[in-house]
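Examination of the molecular architecture
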Amino acid sequence: MKPVRIIYKIIGLQLLLVTGLVLMSIYAKRGKNVAINQKQKNIRQWWLKKVIKVVGLRLTTKGDVPRDDETALWISNHISWLDIPVIGSEGVAFLSKAEVRKWPVIGWLTEKSGALYIQRGDANASSLASQKIADKINQGHDSVMVFPEATTTDGKDVKKFHARIFAPAIDHNLRVQPIAIRYLTKEGVHHPKVAWGDESFLTNVFDVLGETTIHVEINFLAVIEAKDFLERKHLSEHAYEQVREVVFAKES
């Protein structure tokens, strides 16, 4: 039964990929580095919600989800590749490495869905990324999602946040939306199959697709005003404590 379930879900995801390509081809603005329109945002959100359904995730959202006009820098703990469709389905663009733009099919689709790209290793990479994030948020085009742990965890606790990731908020006076995400079994305890740990990405994908249902809890925490902090280190520590208070308290 498990192999059949995996095959069924893979077919569903392939059909969704084709659907996404067709819809974005019809409604996306032409040209590179063009701000996405509301139709593209709606397609992105609808498409990610369908991905969640096909994979077998049941989503519970707690707290106040920001409106489209309440753009901010979204930050969250990072557990799995599932974080992207789960959080993205709530209406946010992601920061991605520049190499993704060159990937066949996926690169074009992510670009048309509003992703921001950064070139790692460049001398001015951090400042350029900070400016890109600030421009997108301040112009009201989209909120932008980043993972300040800069790695994934097993989901039972939260690693320290990198202060440099909060530079756009401090430098450009952005609002910060903290999010705490948890993956649970039907009994409401930590799900052991979601975080990939030492296994390969592909093995983890098959493990996840083999599950009947995975419950996901997204906690939208109190918005932080960057203007209330003089240093990004203090801002990152405050956001970290907010997220960890939810994750660690419920997992311990």
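Everything here concerns the structure above.
In what follows, the accompanying structure is described. As the structure is a prediction and not an experimental result, all values here were calculated from the model.

**Topic: the overall build of the protein**
Each helix and strand in the protein was counted, giving 8 helices and 8 strands. Its C-alpha atoms put the protein at 55 × 50 × 35 Å along the principal axes. Burial statistics for the protein: of 252 residues in total, 48% are counted as buried. Restricting the contact set of the protein to residue pairs at least 6 apart, pairs at least 24 apart contribute 74%. Put simply, the protein has 35 plus and 28 minus side-chain charges, and the middle of one group is 7 Å from the middle of the other.

**Remarks on the pattern of salt bridges**
For the structure on display, the rule yields 8 salt bridges. Taking the shortest distance from any N to any O, the salt bridge between Arg67 and Glu70 comes out at 3.0 Å. The partly exposed category is assigned to Glu70, whose relative accessible area is 24%. A cluster of three or more residues bridged by salt bridges with shared partners is formed by Lys62, Arg182 and Glu217.

**Points about empty space enclosed by the protein**
Following the criterion strictly, the structure yields 1 cavity of 30 Å³ or more and no others. Size it by volume and the largest cavity reaches roughly 40 Å³. Lining the largest cavity are 10 residues; nearest its centre among them are Ile79, Asp154, Gly155, Tyr183 and His190. Residues belonging to the lining of the largest cavity are distributed by class as follows: 4 nonpolar, 3 polar and 3 charged.

**Some remarks on the environment of Glu237**
Along the chain, the position of Glu237 falls in helix 8 (residues 232-251). The spatial distance from the C-alpha of Glu237 to the C-alpha of His162 is 9.0 Å, given a sequence separation of 75 residues.

**What to know about the packing of helix 1 (residues 2-27) against helix 2 (residues 38-55)**
When two helices pack together, their arrangement is given by the angle between the helix axes and the distance between those axes. Viewed as axis vectors pointing N to C, helix 1 and helix 2 meet at an angle of 175°, and their least axial separation amounts to 10 Å. Considering their axes alone, helix 1 and helix 2 lie roughly antiparallel with respect to each other. Contacts between helix 1 and helix 2 involve Lys9, Gly12, Leu13, Leu16, Leu17, Thr19, Gly20, Leu23, Met24 and Tyr27 from the former and Lys39, Gln40, Ile43, Arg44, Trp46, Trp47, Lys50, Val51, Val54 and Val55 from the latter.

**Focus: a nonpolar patch on the surface**
Together, Val18, Val22, Ile26 and Tyr27 make up an exposed nonpolar region whose accessible area comes to about 360 Å². If you trace the backbone, Tyr27 turns up in helix 1. For Tyr27, a relative accessible area of 36% puts it in the partly exposed group.

**What about the packing of helix 1 against helix 7 (residues 201-209)?**
Viewed as axis vectors pointing N to C, helix 1 and helix 7 meet at an angle of 105°, and their least axial separation amounts to 9 Å. Classified by the angle their axes make, helix 1 and helix 7 are roughly perpendicular. Residues Arg5, Ile6, Lys9, Ile10 and Leu13 of helix 1 touch helix 7, and the partners they reach there are Phe206, Val208 and Leu209. Looking at the contact of helix 1 with helix 7, its residues break down into 6 nonpolar, no polar and 2 charged.

Cut-offs used in this document
Residues numbered from 1 in each chain as written. Predicted model: local features only at pLDDT ≥ 70, side-chain atom pairs only at ≥ 80, totals over all residues. Heavy atoms only, no water. Helix = DSSP H or I, 4+ residues; strand = E, 2+ residues; numbered from the N terminus. Buried < 20%, exposed > 50% of the residue type's maximum accessible area, 1.4 Å probe, protein only. Contact = heavy atoms within 4.5 Å. Lys, Arg positive; Asp, Glu negative; His and termini not counted. Charge placed at Lys NZ, Arg CZ, Asp CG, Glu CD. Salt bridge = Lys/Arg side-chain N within 4 Å of Asp/Glu carboxyl O. 1 Å grid on protein atoms, 1.4 Å probe; cavity = no way out; pocket = protein on both sides within 12 Å on 5 of 7 lines; lining within 4 Å. Points joined across faces, edges and corners; volume = space filled by probe spheres on them. Nonpolar A, V, L, I, M, F, W, Y, C, P; charged D, E, K, R; others polar. Axes fitted to C-alpha atoms, helices over the stretch in contact; angles between N-to-C directions. Parallel < 35°, antiparallel > 145°, perpendicular 65-115°, else oblique. Patch = residues over 30% accessible without salt bridge, like charges linked within 9 Å, V, L, I, M, F, W, Y side chains within 5 Å. Areas by Shrake-Rupley, 256 points an atom, 1.4 Å probe, with all protein chains shown as cover.

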